[in-house]
Amino acid sequence: MKLKSFQIKNYKSITDTGEVSLSANDNITVLAGQNESGKSSVLEALNSFETGVFDSDSKPFTTKGVLLQSVSCTYEVDDSKIFLEQLTIGLRDEYGPEISEDDPVLDEKKIKTIKEFTLTRSFPNSEGKSLLEINKDVFEIVKAAVLEQETEEDETKADDTVEKKKSTQKIIQLDDGDMHNIADVFWSNVTPKIILFNDFCDLLPDRITLADLKAKKEDVKGYRAVKNLEKILGVNFVELYGKEDLEREAIRDEHNNTLSVDFQKAWGQKIHNDNKIEVKYDFEKERYRRYFLCKLAQRLKIARSSNPPEEVKG
């Protein structure tokens, strides 16, 4: 299953993108354009489709009342067997048919006719929330593909005798009111998830205070990135700082060597014909303390040479 194309309407500066197709060959799609041309808005709109949340700042400015915002994603089915399995699991979870997990729910031949489908999330609906829909032709195929099962009901005759009457009915009863539920089943169980990586403002910072780390100030710039670095290294920087100098320095050097080696393994691009890149961290206070001791030693040396003891303080 993969995202084949998308269409965005009335999202920030975007009026209508039309259908935008993604790369069908190398799975790489590039959004290129000038600053403020709407590249980020496209990614944020796809994120709104995934999360179901349209932020207030995503509304385009207009004097014509409230515009309907929508994001449509068309997916291509590349493995009908997996598609059938995932869809069946989703229907069981949503409707809970009382049949064995080994028994089929859908007609495999009919489901195989679905080569692609489109989910559209629009905002707002009558309740001021986002609404997810699936294209009607696919919904009709799913309805028709639901298998039937035999049931028995007691039927009382005129002479008050009771007789078992056999009949057949759909395992899952679907009508037009279930279109939104089926759309949610597809989104929850079948489609690949869209993840917006938007941490460019939260890369490793030039510096962060140990006090902020200790107080767990998550709103501090770079906090999340530093906590991620702790996970990678298996360390707590606040605890590491409390160790003796030699032990702390040895651990720091080992970490920095690991970071640099791992980064070079993952980074294949050369910079100015040199691919040797160092990634390291350090404790600033330690450096400042050494600088202070160095300056103090210089003052003591001067003091000894001129022998004015009243100047040697602190």
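Residues numbered from 1 in each chain as written. Predicted model: local features only at pLDDT ≥ 70, side-chain atom pairs only at ≥ 80, totals over all residues. Heavy atoms only, no water.

1. Some thoughts on the packing of aromatic side chains
Which entries qualify depends on this criterion: What counts as a ring pair is set by centres within 6.5 Å for rings of Phe, Tyr and Trp (its six-membered ring), and what kind of pair is set by the plane angle: stacked under 30 degrees, edge-to-face over 60, tilted for all other angles. Numbering of helices and strands runs from the N terminus, with a helix taken as a DSSP run of H or I at least four residues long and a strand as a DSSP run of E at least two residues long. Between buried and exposed lies partly exposed: a residue is buried under 20% and exposed over 50% of the maximum accessible area for its type, with that area taken using a 1.4 Å probe on protein chains only.
Scanning all chains against the criterion turns up 9 aromatic pairs. Taking the centre distance of 6.2 Å and the plane angle of 15° together, the rings of Phe 83 and Phe 117 count as stacked. A residue pair is termed long-range when its members are at least 10 positions apart, and Phe 83 in helix 2 (residues 80-95) and Phe 117 in strand 5 (residues 116-123) qualify at 34 residues. We note that Phe 83, like Phe 117, is buried. When the ring of Tyr 241 is compared with that of Phe 283, the centres are 5.5 Å apart and the planes differ by 45°; the resulting orientation is tilted. Of this pair, Tyr 241 sits in helix 8 (residues 237-241) while Phe 283 sits in the loop between helix 9 (245-266) and helix 10 (284-306), and the two are 42 residues apart along the sequence.

2. Overview of the nonpolar core
We apply this condition: In these notes, a set of buried Ala, Val, Leu, Ile, Met, Phe, Trp, Tyr and Cys residues joined through side-chain atoms within 4.5 Å is what counts as a nonpolar core.
Leu 87, Leu 119 and Phe 186 are the most contacted members of the largest nonpolar core, which totals 43 residues. Elements with a contribution of two residues or more to this core: strand 1 (2-11), helix 1 (39-51), strand 4 (69-76), helix 2, strand 5, strand 6 (131-134), helix 4 (136-145) and helix 5 (179-189). Counting residues in each nonpolar core, the second largest holds 11 residues, with Tyr 223, Val 235, Phe 237 and Tyr 281 among its members.

3. Examining the pattern of salt bridges
Put simply, the test is: The term salt bridge refers to a side-chain nitrogen of Lys or Arg lying within 4 Å of a carboxyl oxygen of Asp or Glu.
Enumeration according to the criterion identifies 13 salt bridges in this entry. Close ionic contact of Lys 227 with Glu 230 constitutes a salt bridge, the shortest N to O distance being 2.7 Å. Of the two residues, Lys 227 and Glu 230 are both situated in helix 7 (residues 223-233); the distance of 3 residues between them amounts to about one turn of the helix. Take Lys 227: its relative accessible area is 25%, and that puts it in the partly exposed class. Glu 230 gets classed as buried once you look at its relative accessible area, which sits at 6%. Asp 253 is the partner of Arg 252 in a salt bridge, and the nearest nitrogen-oxygen pair spans 3.0 Å. Connected through salt bridges with shared partners, the residues Lys 136, Glu 140, Lys 143 and Asp 176 form a single ionic network.

4. Thoughts on the pairing of strand 5
Inclusion rule: Should DSSP find at least two bridges between two strands, the strands are regarded as paired.
In terms of burial, strand 5 is largely enclosed, as 6 of its 8 residues are buried. With 8 bridges connecting them, strand 4 and strand 5 associate as antiparallel partners. Residue Ser 72 lies in a different strand from strand 5, and its bridge partner there is Thr 120. Alignment of strand 5 against strand 6, held across 4 bridges, turns out to be antiparallel. If you follow Leu 119 over to strand 6, its bridge partner there is Ile 134.

5. What to know about the confidence of the model for the protein
What counts is decided by this rule: Scored from 0 to 100, pLDDT reflects the predictor's confidence in each residue.
Overall, the predicted model of the protein reaches an average pLDDT of 83, with 82% of residues at or above 70. When mean pLDDT is taken per element in the protein, strand 4 scores highest with 96 and helix 10 scores lowest with 61.

6. Describing the environment of Gly 52
By the secondary structure assignment, Gly 52 is in the loop between helix 1 and strand 4. Of the residues examined, Gly 52 reaches a relative accessible area of 18% and is grouped as buried. Between the C-alpha atoms of Gly 52 and Ser 122, which are 70 residues apart in sequence, the distance is 8.8 Å.

7. A look at the layout of surface pockets
We apply this condition: In this analysis, the protein atoms alone were mapped onto a 1 Å grid. Cavities are point sets where a 1.4 Å probe fits without being able to get out; pockets are open sets with protein on both sides within 12 Å along at least five of seven lines; lining residues have an atom within 4 Å of a point. Grid points are joined across faces, edges and corners, and a volume is the space filled by probe spheres set on the points. For this classification, Asp, Glu, Lys and Arg are treated as charged, while Ala, Val, Leu, Ile, Met, Phe, Trp, Tyr, Cys and Pro are nonpolar and the rest, including Gly, are polar.
As a volume, the second largest pocket reaches approximately 580 Å³. Taken together, 24 residues make up the lining of the second largest pocket; nearest its centre are Leu 3, Phe 6, Leu 22, Thr 29 and Leu 46. Elements supplying a minimum of two residues to the lining of the second largest pocket: strand 1, helix 1 and strand 4. Partitioning the lining of the second largest pocket into residue classes produces 15 nonpolar, 5 polar and 4 charged.

8. Overview of helix 4
Think of an α-helix as 3.6 residues a turn; residues three or four steps apart then line up on the same face. Spelled out, the test is: Summarising the geometry, the arc corresponds to the directions from the helix axis toward the C-beta atoms.
Looking at helix 4, one finds that the buried residues are Val 138, Phe 139, Val 142 and Ala 145. An end-on view of helix 4 places all buried positions within 125° of arc, on one side of the element.

9. Side note on the packing of helix 2 against helix 5
Put simply, the test is: Lines fitted to the C-alpha atoms define the axes, with helices restricted to the stretch that makes contact. Angles between their N-to-C directions range from 0 to 180 degrees. An angle below 35 degrees is treated as roughly parallel, one above 145 as roughly antiparallel, one from 65 to 115 as roughly perpendicular, and anything else as oblique. What makes a crossing left-handed is the near helix being turned counterclockwise from the far one by less than a right angle; a clockwise turn instead makes it right-handed. Pairs of residues are marked as contacts when any of their non-hydrogen atoms sit within 4.5 Å.
Across the interface, helix 2 lies against helix 5 with an axial gap of 9 Å and an inter-helix angle of 125°. As far as their axial angle goes, helix 5 and helix 2 are oblique. Crossing of helix 2 over helix 5 shows right-handed handedness. Of helix 5, the residues touching helix 2 (which contributes Phe 83, Gln 86, Leu 87, Ile 89, Gly 90, Leu 91, Asp 93, Glu 94 and Tyr 95) are Asn 181, Ile 182, Val 185, Phe 186 and Asn 189. Looking at side-chain class alone, the contact of helix 2 with helix 5 contains 8 nonpolar, 4 polar and 2 charged residues.

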